[in-house]
Amino acid sequence: MKVIDGFHKGLNAFLRWFCVILFVVMVGLVIAQVVVRFLGVSLPWTEVSARIVFIWQGIIGAAYVIGEKEDVAIDWLVNKLPVKAVKGVSILAHAIVAFFAVWIMIWGGMRNVLAGWEDHVQLMPVTQGQTFLVLPIAGALIVIYSILHTIDIVRASDEQITHHDEPEDVDISKIAEEGI
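(A) Inspection of the overall build of the protein at higher detail. A tally of helices and strands in the protein yields seven helices and zero strands. The linear arrangement of helices and strands in the protein, starting from the amino end, is α-α-α-α-α-α-α. The buried share of the protein, reckoned over its 180 residues, is 31%. Taking the intrachain contacts of the protein between residues at least 6 apart in sequence as the baseline, contacts between residues at least 24 apart amount to 78%. When the accessible surface of the protein is summed, it comes to about 12100 Å², and 70% of that surface belongs to carbon and sulfur atoms.

So, in structure tokens, the structure goes:
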């Protein structure tokens, strides 16, 4: 199981740095575009490049967020269930996410990749299909993360699954002091 945990941590680290690098490239492209326009010159390829990098960074970033278990989850009701039910519902949720990733992102994404493989992006040496390639890649990453999370749930003890130590009520005075 250390191999699986190491793979999970390594994949998270790789995707985190990949997204950071894409963000830096995107910011650099936008800054270059602004500076060059200020000098009275136009580099239209920087806008197209920044858009493509933004698409890749956003979609790969979504897969990374799922891998870190930081995606949107409303688990208040699930945590009120018995431990076995929490495990079952969590596994079902990961199965649904994996099904969505396979059906929409991998299968549908590959259809878009193949349909746009010959359509060139204006001002760029890439095609629409190469731009859309991020969908099946991110879908595969999400499926891998769903499998890893399911393995974690199955091997977790009951104490690791329960979150009943969270406070039942919200303290309004703390919200008023901190602000919203």
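Read on, since the account is not over.
(B) Structural view of the packing of helix α3 (residues 83–115) against helix α5 (residues 134–155). Interaxial distance between α3 and α5 falls to 8 Å at its minimum, and their mutual angle equals 165 degrees. The orientation of α3 with respect to α5, classified from their angle, is roughly antiparallel. Between α3 and α5 lies a crossing whose hand is left-handed. By residue class, the composition of the contact of α3 with α5 is 17 nonpolar, eight polar and one charged.

(C) Local environment of a nonpolar patch on the surface. Among the surface-exposed residues, Trp 17, Val 20, Ile 21, Phe 23, Val 24, Val 25, Val 27, Ile 31, Val 35, Phe 38, Leu 39 and Val 41 lie close enough to one another that they form a single nonpolar patch of about 1200 Å² accessible area. Looking at where Val 24 falls in the secondary structure, it is placed in helix α1 (residues 2–38). Classification of Val 24 by relative accessible area gives exposed; the value is 52%.

(D) Seen up close, the pattern of salt bridges. Scanning the entire structure with this criterion turns up four salt bridges. For Glu 68, the salt bridge identified is with Arg 16, shortest N-O distance 3.7 Å. Here Glu 68 is found in the loop between α2 (44–67) and α3, whereas its partner Arg 16 is found in helix α1, with 52 residues between them in sequence. The class of Glu 68 is partly exposed, set by a relative accessible area of 29%. Taking the relative accessible area as the measure of exposure, Arg 16 reaches 35% and is therefore partly exposed. Its salt-bridge partner being Asp 152, residue Arg 155 comes within 3.2 Å of it at the nearest N-O pair.

(E) Structural view of the packing of α2 against α5. Remark: α2 packs on α5, axes separated minimally by 8 Å, with the N-to-C direction vectors making an angle of 5 degrees. The angle between the axes of α2 and α5 places the two elements in the roughly parallel class. Facing α2, whose interface residues are Ile 55, Trp 56, Ile 59, Ile 60, Ala 63, Tyr 64, Ile 66 and Gly 67, α5 presents Val 134, Leu 135, Ile 137, Ala 138, Leu 141, Ile 142, Tyr 145 and His 149. Looking at side-chain class alone, the contact of α2 with α5 contains 14 nonpolar, two polar and no charged residues.

Analysis parameters
- Residues numbered from 1 in each chain as written.
- Predicted model: local features only at pLDDT ≥ 70, side-chain atom pairs only at ≥ 80, totals over all residues.
- Heavy atoms only, no water.
- Helix = DSSP H or I, 4+ residues; strand = E, 2+ residues; numbered from the N terminus.
- Buried < 20%, exposed > 50% of the residue type's maximum accessible area, 1.4 Å probe, protein only.
- Contact = heavy atoms within 4.5 Å.
- Areas by Shrake-Rupley, 256 points an atom, 1.4 Å probe, with all protein chains shown as cover.
- Axes fitted to C-alpha atoms, helices over the stretch in contact; angles between N-to-C directions.
- Parallel < 35°, antiparallel > 145°, perpendicular 65-115°, else oblique.
- Left-handed = near helix turned anticlockwise from the far one by under 90°.
- Nonpolar A, V, L, I, M, F, W, Y, C, P; charged D, E, K, R; others polar.
- Patch = residues over 30% accessible without salt bridge, like charges linked within 9 Å, V, L, I, M, F, W, Y side chains within 5 Å.
- Salt bridge = Lys/Arg side-chain N within 4 Å of Asp/Glu carboxyl O.

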